[in-house]
Amino acid sequence: MDAAVATSLFWITVAAAIAPLVAGSLRHKLIPEVVLLLVGGIIIGPYALDLANVDSEIELLRELGLGMLFLLAGYEIDKDELTGRGGRRALVTWLVCLALAFAVVAALGAAGVVHSEIAVAIALTSTALGTLLPILKDRGLLGAPVGRAVLNHGAIGELGPVLAMAVLLGARGAVASLIVLALFAAVAVVVAILPARILREGTALLEVVRRGSDTTAQTTVRLVMLLVVALIAVTAVFDLDIILGAFAAGFILRRTLPEGDELLEGKLEGLAFGLLIPIFFVTSGMAIDVSAVAGEPLVLLAFLALLVVVRGVPVFVASRYDRGPAGANFDTREQLQVALYSTTGLPLIVAVTGVAVSAGQMSNATASILVAAGAITVLVLPLLASALAPKTPSDRCDPLPA
């Protein structure tokens, strides 16, 4: 390994190791770990101390981290809820957000305020479901009505922008991109059908996989990684974003294990959250140009306001028709919780701006401001949503985090 790569990897892992220690030492985990990972990346990155750089080797680890983030996001999605009333409402809400985003950004573009309108519009409609999952899990919301509503909006808020990126920002053009997406969907369906058939028939191969799952072979983990890398390779061949392949891998894994597998999930989370996902967030922080963000505070505030108006307001209105545990519609407090969580964005903002910068459609300064706005939503909005949650007796008696 090249010495420069080894040094960069060392500082990246230092930032990744320090972030959870700092987050865990704060009362009630006031600052999400992902924000601290971004801050660590900023500190060690080329725009601050310049201790680390993203070379091709680290870029590969970063891409795998992004893939694992969206694999876990796709795995958490309940297909029945996504295709049910809540999922359909989330889809309509996202389409409203997209139309509103294009209208607002087109007006700003005509005034010369915003450039790369398509990329900015797509970024404004995203929800950071992969980032929200550990936050929702820590707060015990994954099985709650509010958490399920956030999962619905988050699933569409990730899948919708990914598809929009493939069609609107692809090098092939919209029609050719749609054809390629159809071919990719066909490949994903075939990959999904084969494991389901193997499970039904109970072949000798499946028994070999089961026997090796708790040995040094770790067959289940290796097969999941094969699935992820294979679908990412398919997206690379078709010139699509790897997020699409990773998200599809998560859906396929859930179809293969409809009841879940606690042991496998623990292993995957250990691999993902222990190494690969932190590398993705730290390297994302390294790309933030702090001077560009500090030099345009009004633009940063404008992007934050646009995120709230374009994504938060439609979700707030739509969640009025979601139902709580007693069967009644969500009250205003619950609507605000869903809207605040759903407005939290970051990974897709990083992805969209990265594609736009690579294509020469967006400056790195603008991308840095958008990513910084996304980081602020991760820092502030879940805190506000958590403050709106009803206090339990244990919350009132024990001021320390569990």
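Residues numbered from 1 in each chain as written. Predicted model: local features only at pLDDT ≥ 70, side-chain atom pairs only at ≥ 80, totals over all residues. Heavy atoms only, no water.

Visitor: What exactly am I supposed to notice about the overall build of the chain here?
Guide: The number of helices and strands found in the chain is 19 helices and zero strands. By residue count, 48% of the 402 residues in the chain fall in the buried class. Here the contacts in the chain between residues at least 6 apart in sequence split such that 78% fall between residues at least 24 apart. Of the roughly 18200 Å² of accessible surface on the chain, a fraction of 68% belongs to carbon and sulfur atoms. (Helix = DSSP H or I, 4+ residues; strand = E, 2+ residues; numbered from the N terminus. Buried < 20%, exposed > 50% of the residue type's maximum accessible area, 1.4 Å probe, protein only. Contact = heavy atoms within 4.5 Å. Areas by Shrake-Rupley, 256 points an atom, 1.4 Å probe, with all protein chains shown as cover.)

Visitor: How should I be thinking about the packing of aromatic side chains in this particular structure?
Guide: Geometrically, a pair of aromatic rings is defined through the distance of the ring centres and the angle of the planes. Overall, the coordinates contain two aromatic pairs when judged by the stated rule. Summarising the aromatic geometry, the rings of Phe10 and Trp11 are spaced 5.1 Å apart at their centres and angled 70 degrees between planes, so their arrangement reads as edge-to-face. Using a relative accessible area of 46% as the deciding quantity, one classes Phe10 as partly exposed. Its guanidinium or amino end placed over the ring of Tyr75, Arg254 lies 4.1 Å from that ring's centre, counting from NZ or CZ. (Phe/Tyr/Trp six-rings, centres within 6.5 Å; stacked < 30°, edge-to-face > 60°. Lys NZ or Arg CZ within 6 Å of the ring centre and 35° of its normal.)

Visitor: Can you help me understand the pattern of salt bridges in this one?
Guide: For side chains of opposite charge, pairing can occur when their charged atoms come near one another. This structure, assessed with the given rule, holds two salt bridges. We note a salt bridge from Glu59 to Arg62, for which the minimum N-O separation is 3.9 Å. With Glu59 and Arg62 both in helix H3 (residues 56-76) and three residues apart, the pair spans about one turn of that helix. (Salt bridge = Lys/Arg side-chain N within 4 Å of Asp/Glu carboxyl O.)

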